[in-house]
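Residue-level structure breakdown
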Amino acid sequence: MTHTTQPSPLSAPVVAGLLLAAGGGRRLGGRPKALLSHRGRPLVEHAVRVLREGGCEVIHVVLGASADAVRKRAELPGCVLVDNPEWAEGMGSSLRVGLGSLAAAAPPVDAALVSLVDQPGIGAEAVARVRSAYRSRGSLVAASYGGRRGHPVLFGADRWAGIAAGAVGDRGARDYLAAHRDAITLVDCSDVAEPYDIDTEADLAHLE
């Protein structure tokens, strides 16, 4: 009797959420953005929940300003918390630290879906749309609003080294994305999200 071995189904790609939550809120009087109150809880909890509800089972959170206070006050079960001691250099350093953390993750991660803690107008539906546009470890995907590129963005793992090399200051992946504009898949999210930032005292009106 001959036994045949059935091929095992290909495992689903792992698209991890990477939340950049290190900002010190310089224009908010030095209040760390991760700890701003939104719906009665720290803003970082809301941002993590959005990633999770959008389909990211693995979530790494980059902390910087008042990292110890964030760890004490925010409930972030199941998340990998990564400290960025150079957070004051700007978003680029947090992106480098976060991608480095994901690169060392086990099991391996196929793509990073990057979101910012200070954009509470971007919810789970936008995350799910961008995540669903993943095709390979070379994918580059970004949400768009009125034709303009915004967050969240998705970086296939094969792109991480190039992105990290150019992530300096507050530019994050901006230069890399500009240089690879033709490779980006834009996903319109303008009907389900608002890409405002919480940067100034006036912006606090967006929080609930």
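Please refer to the structure higher up on the page.
Residues numbered from 1 in each chain as written. Predicted model: local features only at pLDDT ≥ 70, side-chain atom pairs only at ≥ 80, totals over all residues. Heavy atoms only, no water.

1. Some thoughts on the overall build of the protein
Scanning the protein for helices and strands turns up 6 helices and 9 strands. Over its C-alpha atoms the protein spans a radius of gyration of 17 Å, differing by no more than 12% from the 17 Å that the globule rule assigns to 208 residues. A principal-axis box enclosing the C-alpha atoms of the protein has dimensions of 75 × 40 × 35 Å. Within the protein, contacts between residues at least 6 apart in sequence are counted, and of these 69% link residues at least 24 apart. About 10,400 Å² of surface is accessible on the protein, with carbon and sulfur atoms providing 50% of the total. (Helix = DSSP H or I, 4+ residues; strand = E, 2+ residues; numbered from the N terminus. Rg over C-alpha atoms; globule rule 2.2 N^0.38 Å. Contact = heavy atoms within 4.5 Å. Areas by Shrake-Rupley, 256 points an atom, 1.4 Å probe, with all protein chains shown as cover.)

2. Describing helix H4 (residues 124–132)
Taken residue by residue, H4 has Ala124, Ala126, Val127 and Val130 as its buried positions. What you see down the axis of H4 is that its buried residues fit within an arc of 160 degrees, all on one side. Next to the buried residues of H4 lie helix H1 (43–53), strand E6 (111–116), strand E7 (140–145), strand E8 (148–156) and strand E9 (185–188). (Buried < 20%, exposed > 50% of the residue type's maximum accessible area, 1.4 Å probe, protein only. Arc of directions from axis to C-beta.)

3. Focus on the environment of Trp87
Mapped onto the elements, Trp87 comes out in the loop between strand E5 (80–83) and helix H3 (91–103). A C-alpha to C-alpha distance of 27 Å links Trp87 and Arg137, two positions 50 residues apart in sequence. With near-sequence residues (within four places) excluded, Trp87 lies in contact with Ala22, Gly23, Gly24, Gly64, Ala65 and Ser93.

4. Thoughts on the pairing of E5
One ladder, built from 4 bridges, connects strand E4 (residues 59–63) with E5; its direction is parallel. Paired with Val61 across the strands is Leu81, a residue of E5. Tracing the backbone out of E4, into helix H2 (residues 67–73) and back to the parallel element E5 gives a crossover that is right-handed. (Pairing = 2+ DSSP bridges. Right-handed = clockwise from strand over helix to strand, strands pointing away.)

5. Side note on the sheet that holds strand E1 (residues 15–21)
Across the sheet, which stays open at both edges, the 7 strands sit in the order E5-E4-E1-E6-E8-E7-E9 with mixed pairing between neighbours. Taken across any chain shown, the strands that pair with only one partner, and hence form the sheet edges, are E5 and E9. Put simply, the sheet's adjacent strands are angled 25 degrees from each other on average, direction ignored. Where E7 lies against E9, 4 bridges are found, and the strand directions are parallel. Bridge pairing links Ser144 to Asp188 in E9. (Axes fitted to C-alpha atoms, helices over the stretch in contact; angles between N-to-C directions.)

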